[in-house]
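Report on the structure
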Amino acid sequence: MSFTDFADIAANKNQEIVIEHVATGTTVSFPAFITDYTDSYQVDWAEEQIFGRNDPIKPYQSTSRKIQVSFDVLSPSFEHAKDNLNKFQTLAKMLYPMYSAPLDGSGGSVGRTVKAPPLLRIRFVNMIQSASGQGSLLGCIDGIEFNPEQDAGYFVERTGEIFPKLFKLNFNFTPQHESPLGWDAETKEFLTTTFPYSAGPSTAAIVSNGGQNDRLNAATNDRLLD
């Protein structure tokens with residue numbers, strides 16, 4: 001019996017979520033069966049109340065970003081199920097830091113100190129990418145939810161070990177942008193033009209030759225002003 005290889009199809013169409021552990025260079029990828037995606041931006045302002053002024057002064061502090069992603073990992077065969085669970089096992093390990101060698105040389109935990117935090121790089125086509133649009137997005141994951149789908153069932157090894165046919169992953173990702181984000185005071189242009197999705201203006205949308213687009217725009221304006 002032949003099975004559809006979702007991983008190959010996703011790789012050929014560049015429809016993969018690729019996650020890299022910065023400290024070690026370890027990488028895992030999953031076919032991007034996205035079930036939920038949210039990209040939220042938070043602008044933080046300080047607040048100072050001045051005597052005799054009704055409204056508080058609001059000095060700008062920072063702009064932060066958080067990405068929430070949920071996706072399904074499907075396994076059409078026993079071999080795929082084992083491979084996918086192994087990938088998640090690697091991803092779970094990526095949430096832990098890198099430690100120095102133990103002081104006593106035993107391989108245990110005596111005297112170990114944190115050498116590198118569990119920073120990650122993530123890439124999903126143009127929706128999760130570096131601000132420059134040329135690579136993955138650096139950041140940190142708050143945590144991951146691993147949820148095997150009970151209705152789909154499991155493949156069962158002779159030893160009794162089980163491997164889910166379908167599991168759902170969900171995580172929150174806080175980017176740490178490596179490019180300057182903001183507007184140039186002289187040119188009035190944004191410093192990183194490809195941020196965040198490399199979505200430039202459509203040529204068709206900005207070209208006007210007095211044709212159908214102009215007539216449609218005029219008709220829309222008439223309806224709005226009626």
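Just above, that's the structure.
Below you will find a few notes about this structure. (Residues numbered from 1 in each chain as written. Predicted model: local features only at pLDDT ≥ 70, side-chain atom pairs only at ≥ 80, totals over all residues. Heavy atoms only, no water.)

**Some points on the overall build of the protein**
How we decide: By definition, any uninterrupted DSSP run of H or I lasting at least four residues is a helix, any uninterrupted run of E lasting at least two residues is a strand, and each is numbered from the N terminus. Exposure is judged per residue with a 1.4 Å probe applied to protein chains only, and the accessible area is read against the type maximum: over 50% gives exposed, under 20% gives buried, and values in between give partly exposed. In this analysis, two residues are considered to be in contact whenever any of their non-hydrogen atoms come within 4.5 Å of each other. Surface accessibility follows the Shrake-Rupley procedure with a 1.4 Å probe radius. Residue values consider only the protein chains on display as shielding.
A count of helices and strands for the protein gives 4 helices and 11 strands. Looking at the protein as a whole, 28% of its 226 residues are labelled buried. Counted over contacts in the protein with a minimum sequence separation of 6, partners at least 24 positions apart contribute 59%. Looking at the protein as shown, the accessible area adds up to about 14700 Å², and 52% of this sits on carbon and sulfur atoms.

**Details of the nonpolar core**
The tendency in soluble globular proteins is for nonpolar side chains to be buried as a group. Keep this limit in mind: Only buried Ala, Val, Leu, Ile, Met, Phe, Trp, Tyr and Cys residues count toward a nonpolar core, and they belong to the same one when joined by side-chain atoms within 4.5 Å.
By size, the foremost hydrophobic cluster in this structure holds 23 residues, and its most contacted members are Ile17, Ile19, Phe71, Leu91, Ile122 and Leu169. Those elements that provide at least two residues to this core are strand E1 (16-21), strand E2 (27-31), strand E4 (60-74), helix H2 (78-93), strand E7 (120-123), strand E8 (137-148) and strand E11 (166-175). Contact partners of Leu169, with chain neighbours within four places excluded, come to Phe30, Val69, Ser70, Phe71, Val73, Phe88, Leu91, Ile144, Glu145 and Phe146.

**Structural notes on unusual backbone geometry**
Going from Phe195 to Pro196, the amide bond is cis rather than trans, its omega being -10 degrees. Mapped onto the fold, Pro196 is located in the loop between E11 and helix H3 (203-206). Even without being a glycine, Val125 presents a positive backbone phi close to 35 degrees. With respect to the element layout, Val125 can be found in the loop between E7 and E8. For Val125, a relative accessible area of 17% puts it in the buried group.

**Let's talk about the pattern of salt bridges**
Where we set the bar: What counts as a salt bridge is simple: a side-chain nitrogen of Lys or Arg found within 4 Å of a carboxyl oxygen of Asp or Glu.
A full pass over the atoms with the stated rule returns 6 salt bridges. Between Lys168 and Asp72 there is a salt bridge, and its shortest N-O distance comes to 3.2 Å. Pair noted here: Lys168 is in strand E11 and Asp72 is in strand E4, with a separation of 96 residues, a long-range link. Exposure remark for Asp72: the relative accessible area of 14% places this residue in the buried category. Where Glu157 meets Lys82, a salt bridge forms, and the shortest distance between an N and an O atom there is 3.5 Å. Taken as a pair, Glu157 in the loop between strand E9 (154-156) and strand E10 (162-164) and Lys82 in helix H2 lie far apart in primary sequence, 75 residues in all.

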